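Understanding the architecture of this molecule
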Amino acid sequence: SLCVCVCVCVCVSSSRRDHPLVAKEQKDWSARFQDICAAISSAQSTDAGHFRWQQINMELLDLSQDFIHTAKTYGRIIIMERYLHRKTIFPLDLGGTAGGDKYLVSNILFKFAVNSNGVYGNDEAAAKVAGHELKGLMGYWNCGIEQLNVPLMALVDFLGFRLIAMSILPIDRSTIVYGTDDCGRTVHCKPPYDKVMASAGQSLNLKSHLCGSVSQGKYLSSAADVEGHLGHDGKFYLIDFARTFPPTAPDRTHFNGHLYQLFRPEFVKYHHVPLCSDAFSGFLRNDPLCRQHNAEVREATQHLLAHNVPRLASALSEVVESALESGQLDQLYLSEHFHLQGVNMRYIGQVLRHTVHRPTAALLLLEAISRVVKAELRQALREEMIRLKVPLMAPYRRLIVRLLNRVFGGDDDSDPDHQQKVSAYWDQCIIPKLKSKFGINAFTPSAVLLMNRAESAASSSAGENPHTDASSSPQNGHPPPKRSNLSSSRGGLNSARKPKSLVLLENIGFDAVGKQLDGVQHCRDLLMVHFPRSNVTGRYLVLSSLRYRTGIHFSPATTAALRSAKVMTAPFDILDLSDILPRTKHTALITNAEGIFYQMKATSAGHDTASVLRKALERFKLALVSNPTNTDTLLNAAQTMVRLLELEYSSGKNMSNLKFAVDDPLVREAMTYFERAIACARGTRDPTSTLQYAKFLVRCGELERAEDYFLKSTEVSPNDDTVLRAYGYFLQERGMEHEALEILHRAQWCARLKYMDAAEKTTEADQSPE
């Protein structure tokens, strides 16, 4: 096992304080962020004022926008100048054994996520490690431990490279009090910070283990190279989060996979036994329980594949069917549902093996294709920059167009050489990568979901209506087969050629079709699959995913043509790309704050309320992709959906007596968010989720279920006057006057006690000496 210490000292040492790009008048990102985090913690526990909570989120949003704008601006320059000898921003020697060059600009530390010394095997794996940095940071922040502080962080992706941007902290090599910064030779575990980390480890369900030598080793509740520092400002900070969560059982096909193939935090938290973050690493070499730690991780991996993956496949089928029914397939984030079940996206192939719902299997394959294409594009951009070594955009635009045409070239292309290159690219790049990255074989039963070429040709030659299934009328006295939600289309962008017929998928025998179609054409045909109610095609979903993950922006006309279900795109040209912009990835905390901003904006006059609320919901959904078990975000999403339903059902008029239809897909989606919020809040003393859900169920006519949740709210917080009053009014409306009066009298009594307690605390504060 390889022992790796990723030591990056995020500090302003005396030798760097006078650096021209670390001006004293510049904003102190870290200090502002710590103040806001403290305010958030205080507001959640003591401040009932909604206005104050909104103020805090606005402060966080202002800070994050400033930070992200600065990171994007300088990150773009750093990446563009990577191979220039004469640079605007020069790298600095800040230490570290894993990772690329480091830069210090505007009080932000930038470091390249590249495989500079061969530790990770390739740059793609190094980029995954950077993603784990952000994930680990968010994991510790979610613990809600007041004494534990983290830096402000974002990832900047541009032209195939990834930078980690992190706020400077008031620490240096002398401030370390927990973990190791020298590959385990010296292990720190000083009180009281050992107890802080033990508490965090318990919250994350991480197992304590021995690190270091037998005689001088320490028991740590985190990965050994997660460093804890007592800052010069007296605060306890954590850095180096890449290995926060334990690795899955090592995959021999991936070099040093235990460094970046990690469990999802959702799986670790709810697993029945704590898991060791340093499993399969050299940090455990002196731990007498080393074999046990590794065995538990192997068993956990087997449990993930045997239980979580099949459960996910079943749940996804329901989610996809609901999205098809509501026509919102293009707004579905598959990764959110993977993460909710604690399953990594690298297990798409495993989930496919358990998937029998055809539209779900098609979406899983399209998701895998988009991720393979993204990785190929990023690698091609990096290689082109290494070759050219010039900060010009035109060569990279041409490269992107060339690769898109390799991926999306259709059967109707007139250039035979181009068609041959397209087939070769799929055969030599896409298909092998689907197998190596996701374990997807083009001939496995689950993957064969395509139309039969013979049927397609017969339908086309028969001159049938392109939107009508040939089997919709009885044949030979037999009823037509059941329709599928998928169809296929071909044609040409801005072309006078008549597009080929759309043919709805039938219940085709998977094995039979698998033997008839070659793997290349099989996977390429998925791009022409059509989802009628959402009016999107497979190619549009793949390109939307690429646009989101790579910063590629298409012109409005191209975007509209791509979305069309009736035509197939002709070859792209350079004018189809409007821009290539840096893309940032930040914590779900910031994305949630953006959603709250739109929530607030929707309450003010002069706005299209429904449009603004949809933007809020989009931000909350994005936050849930990376942090699907956050109670606040789930509740925000549910409440936003309720407001959208109010507007839809009332047409903007009186909303006081609105009733919602339980069979409405959007109502069911709101219910799902409420139920997820309640499940995630279990074990806390916060009744907000259960109370809000009870009120929503009343409006859905589900009175029995509503009463159950009112009672659960009183169990969680039996002396909360707001909860008691809401339950009392509910009983009154149901005609239970006697029971209602008892509950309302208790609510009045609890409110009086709360007021007296607040008055007493105010008096004590006034009388305390300064």
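Above this text is the structure in question.
The residue numbers shown here count from 1 along each chain, following its written sequence. In keeping with the predicted nature of the model, local features appear solely for residues at pLDDT of at least 70, side-chain atom pairs appear and are counted solely at 80 or more, and the whole-chain, interface and lining totals rest on all residues. Values reported for side chains reflect all heavy atoms of the structure, with hydrogen atoms and water molecules removed beforehand.

**Brief notes about the sheet that holds strand β3 (residues 148–149)**
Taken in spatial order, the five strands of this open sheet run β3-β11-β10-β6-β7, and their pairing is mixed. Sheet topology places β3 and β7 (188–189) at the edges, where each strand pairs with a single neighbour. Here the rule is simple: two strands pair whenever DSSP picks up at least two bridges between them. Strands are runs of DSSP state E lasting at least two residues, helices are runs of H or I lasting at least four, and both sets are numbered from the N terminus onward. Relative to strand β11 (residues 236–239), β3 is paired through two bridges, and the arrangement is parallel. Note on β11: the bridge partner recorded for L148 is F236.

**Description of the layout of surface pockets**
Taking a probe equal in size to a water molecule and rolling it over the atoms shows the remaining empty space. If you add up the space inside the second largest pocket, you get close to 610 Å³. Put plainly, a pocket is an open set of points on a 1 Å grid over the protein atoms alone with protein on both sides within 12 Å along at least five of seven lines, a cavity is a set where a 1.4 Å probe fits but cannot get out, and a lining residue has an atom within 4 Å of a point. Lining the second largest pocket are 24 residues, with V319, S322, H337, E669 and T672 sitting closest to its centre. Looking at the lining of the second largest pocket, the elements with two or more residues in it are α6 (290–326), α7 (334–340) and α20 (665–681). With eight residues, α6 is the largest single contributor of residues to the lining of the second largest pocket. Grid points are joined across faces, edges and corners, and a volume is the space filled by probe spheres set on the points.

**Notes on the environment of V529**
Along the chain, V529 falls in strand β14 (residues 529–531). Three labels apply to residues, based on accessible area from a 1.4 Å probe with only protein chains included: buried if under 20% of the type maximum, exposed if over 50%, partly exposed otherwise in between. Residue V529 is classed as buried on the basis of its relative accessible area of 4%. Separated by ten residues in the primary sequence, V529 and R539 place their C-alpha atoms 7.9 Å from one another.

**Brief notes about unusual backbone geometry**
Looking along the chain, the bond that leaves P191 and enters P192 is cis, with omega of 0 degrees. Looking at the element boundaries, P192 is found in the loop between β7 and α4 (193–204). One non-glycine residue with positive phi stands out, namely F280, at about 65 degrees. Among the structural elements, F280 can be located in the loop between α5 (265–270) and α6. On the basis of relative accessibility, which here comes to 8%, the residue F280 falls in the buried class.

**Digging into the packing of α6 against helix α9 (residues 358–388)**
Pairs of packed helices are described in terms of their axes, by the angle between the two and the distance that separates them. Every angle, taken between N-to-C directions, lies between 0 and 180 degrees, and every axis is a line fitted to C-alpha atoms, over only the stretch in contact when it is a helix. In contact at an axis separation of 9 Å, α6 and α9 are set at 95 degrees when each is read in the N-to-C sense. With respect to α9, the axis of α6 lies roughly perpendicular. In contact with L316, S317, V320 and L324 of α6, α9 contributes P359, T360, L363 and L364. Each residue receives one of three labels: charged for Asp, Glu, Lys and Arg, nonpolar for Ala, Val, Leu, Ile, Met, Phe, Trp, Tyr, Cys and Pro, and polar for the others, Gly being one of them. Here the residues of the contact of α6 with α9 are counted per class, giving six nonpolar, two polar and no charged. Angles are sorted into four bins: roughly parallel if under 35 degrees, roughly antiparallel if over 145, roughly perpendicular if 65 to 115, and oblique for all others. Contact between two residues is taken to exist if any of their heavy atoms lie within 4.5 Å; hydrogens are not considered.

From the geometry alone we can't say anything about function, so treat these as descriptive.
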